[in-house]
Amino acid sequence: YDQALDLEPRNVEAYVHKGAARVHMKMYSEAIKEFNAALKLEPQREDVRQYLNGARDKLQEYDDTESGGTYSHQGSVRRADSLGAESDTSETPSARSSLKSRKKKKKKKKKK
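Just so it is clear, the structure is predicted and the values come from calculations on it, not from any experiment.

Enquirer: I keep staring at the packing of helix α2 (residues 12-24) against helix α3 (residues 28-41) and nothing clicks. Help me out?
Expert: Each pair of packed helices can be summarised by the angle the axes make with each other and by the distance between the axes. Contact geometry for α2 and α3: axes closest at 8 Å, N-to-C directions at 165°. Taken together, α2 and α3 sit at an angle that is classed as roughly antiparallel. The element α2 and its partner α3 pack so that their crossing is left-handed. Across the interface between the two elements, Val 12, Tyr 15, Val 16, Lys 18, Gly 19, Ala 20, Arg 22 and Val 23 of α2 pack against Tyr 28, Glu 30, Ala 31, Glu 34, Phe 35, Ala 37, Ala 38 and Leu 41 of α3. Residues of the contact of α2 with α3, tallied by class, amount to 11 nonpolar, 1 polar and 4 charged.

Below is the structure:
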């Protein structure tokens, strides 16, 4: 996908498929980044919006997991940062609000 995007940086399908591959690999932060890139080019794509929401849901599931899954929210973001990718979990106001809400819930759980 990277080669396709190097040749054609506005290739929305390449971003979508790259995002889907990242979801399959449980790299949800990176998937979110790819889906957001696709939506910047074609904001009317409802299918991409659904993929984005699905990746956010999966990221939330791993974040809420008490079992210490390999790809927890922080682990996935750290992996994205270590690869030089920008983590993009809070690009929209609603996502930022959701992230703040999750952090508050975590703090409450730790106090108990």
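Enquirer: Before we go on, may I ask you to explain the packing of aromatic side chains in this structure?
Expert: Centre-to-centre distance and the angle between the planes together describe a pair of aromatic rings. Enumeration according to the criterion identifies 2 aromatic pairs in this entry. Relative to Tyr 51, the ring of Phe 35 has its centre 5.9 Å away and its plane inclined at 35°; by these criteria the two rings are tilted. Taken together, the residues Phe 35 in helix α3 and Tyr 51 in helix α4 (residues 46-64) connect sequence positions 16 residues apart. A residue is classified by how much of its surface remains accessible, and Phe 35, at 2% relative accessible area, is buried.

Enquirer: How do you make sense of the packing of α3 against α4 when you look at a structure like this?
Expert: Running from N to C, α3 and α4 point in directions that differ by 160°, and their axes come no closer than 9 Å. The pairing of α3 with α4 is recorded here as roughly antiparallel in orientation. Taken as a pair, α3 and α4 cross one another with a handedness that is left-handed. Listed contacts from α4 to Tyr 28, Ser 29, Ala 31, Ile 32, Phe 35, Asn 36, Ala 38 and Leu 39 of α3 are Val 48, Arg 49, Tyr 51, Leu 52, Ala 55, Arg 56, Lys 58, Leu 59 and Tyr 62. Of the residues in the contact of α3 with α4, the class split is 12 nonpolar, 2 polar and 3 charged.

Enquirer: Teacher, can you tell me more about α2 here?
Expert: Each turn of an α-helix holds 3.6 residues, which means side chains three or four residues apart point in the same direction. For α2, spanning 13 residues, the distance from its first C-alpha to its last is 19 Å, which sits close to the expected 18 Å at 1.5 Å a residue. Three or more residues of α2 are buried, namely Val 12, Ala 14, Tyr 15, Val 16, Lys 18 and Gly 19. Where α2 is buried, its residues contact α1 (2-7), α3 and α4. Downstream of α2 by a residue or two, Lys 26 has a phi angle that is positive, lying close to 65°.

Calculation criteria
Residues numbered from 1 in each chain as written. Predicted model: local features only at pLDDT ≥ 70, side-chain atom pairs only at ≥ 80, totals over all residues. Heavy atoms only, no water. Axes fitted to C-alpha atoms, helices over the stretch in contact; angles between N-to-C directions. Helix = DSSP H or I, 4+ residues; strand = E, 2+ residues; numbered from the N terminus. Parallel < 35°, antiparallel > 145°, perpendicular 65-115°, else oblique. Left-handed = near helix turned anticlockwise from the far one by under 90°. Contact = heavy atoms within 4.5 Å. Nonpolar A, V, L, I, M, F, W, Y, C, P; charged D, E, K, R; others polar. Phe/Tyr/Trp six-rings, centres within 6.5 Å; stacked < 30°, edge-to-face > 60°. Buried < 20%, exposed > 50% of the residue type's maximum accessible area, 1.4 Å probe, protein only. Expected span 1.5 Å × (residues − 1).

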